[in-house]
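Summary of structural features
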Amino acid sequence: MPRKRRFFLPGLPVHVLQRGNNRQAVFFEENDYRLYVEWLRAAADAHGCAIHAYVLMTNHIHLLMTPSDNGSISATLQALGRRFVPHINRCYRRTGTLWEGRFKASTVQAEDYLIACYRYIELNPVRAGMVARPDEYPWSSYHANALGADDPLVTPHPLYLAYGTDGTSRQAAYKALFQEQIAPEQVRDLRTCLQTGTPLGNDRFRAEIEQALGVRVGYSTRGRPKKPPEGSDAESG
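Throughout what follows, the structure given in this document is the object of discussion. (Residues numbered from 1 in each chain as written. Predicted model: local features only at pLDDT ≥ 70, side-chain atom pairs only at ≥ 80, totals over all residues. Heavy atoms only, no water.)

Focus on the packing of aromatic side chains
Aromatic ring pairs are reported here in terms of the distance separating the ring centres and the angle at which the planes meet. Note the threshold: Side-chain rings of Phe, Tyr and Trp (the six-membered ring for Trp) are treated as a pair once their centres are within 6.5 Å; stacked means planes under 30 degrees apart, edge-to-face means over 60, and tilted covers the remaining angles. Accessible area is worked out with a 1.4 Å probe on protein chains only. A residue is then buried under 20% of its type maximum, exposed over 50%, and partly exposed in between. For a ring to carry a charge above it, either NZ of a lysine or CZ of an arginine must fall within 6 Å of the ring centroid while also lying within 35 degrees of the normal to the ring plane.
Following the criterion strictly, the structure yields 13 aromatic pairs and no others. Seen from their ring centres, tyrosine 174 and phenylalanine 178 are 5.2 Å apart, and the 65° between their planes marks the pair as edge-to-face. You'll find tyrosine 174 and phenylalanine 178 in the same group, each marked buried. Grouping aromatic residues by their ring pairs yields a cluster made of Phe27, Tyr33, Tyr36, Phe84, Trp99 and Trp139. Sitting over the face of the ring of tyrosine 120, arginine 127 holds its NZ or CZ atom 3.9 Å from the ring centroid.

Encoded structure:
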């Protein structure tokens, strides 16, 4: 069966998930996380991707990124993989693939879902039970977006910038969002769209993407896609 066509459009944010092969670990020591961030920044800069939010979990990563052209995301992750995979294989005397097939990705309708996607990504370690609060986990964009920490990897999205007139007010408003749970229906839609590669947004948003690309990108079957299996949250997703 042919692979489903990718549909990244310049200027539209994309939620990316990449898992370790067989859900095995891809990070083992602190230096692995540090190098991944460093090399991701270099690859994103070289290929025109803006990273708005990220989290590096033990066996998978989430990114929220906006490409400058339709090949930027794939080129960024390929360039990163050419450095990171040999590093892991060499340091831990392993061979073969590190990642599980192609990365999963879903274009995000900024107006309705972008900030929910920010929060979903940065709350991943909390859902996994690794920490009680997102600020306790070191390898995510929460420190930059909510606390004002310097993180050269993070480029604020215009909708994030609209949360305040300066850094202090913006960070306070963003941090306050984490006092409430993400709406269950948004979590459900975010997960299912990511798993199926469906754009995360309303019917009009999907129709606009279909018109721009000249191909169908909505759900392949009637109704919403099936929910991911129980336990796909947290460390597994």
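Some thoughts on the environment of serine 169
The condition that has to hold: Only runs of H or I of at least four residues qualify as helices and only runs of E of at least two qualify as strands under DSSP, and these elements are numbered from the N terminus. The contact rule is simple, with two residues in contact once any of their heavy atoms fall within 4.5 Å.
Turning to its location among the elements, serine 169 is positioned in helix α7 (residues 167-176). What makes serine 169 partly exposed here is its relative accessible area of 29%. Residue contacts for serine 169: discarding those within four places in its chain leaves Tyr163 and Gly164.

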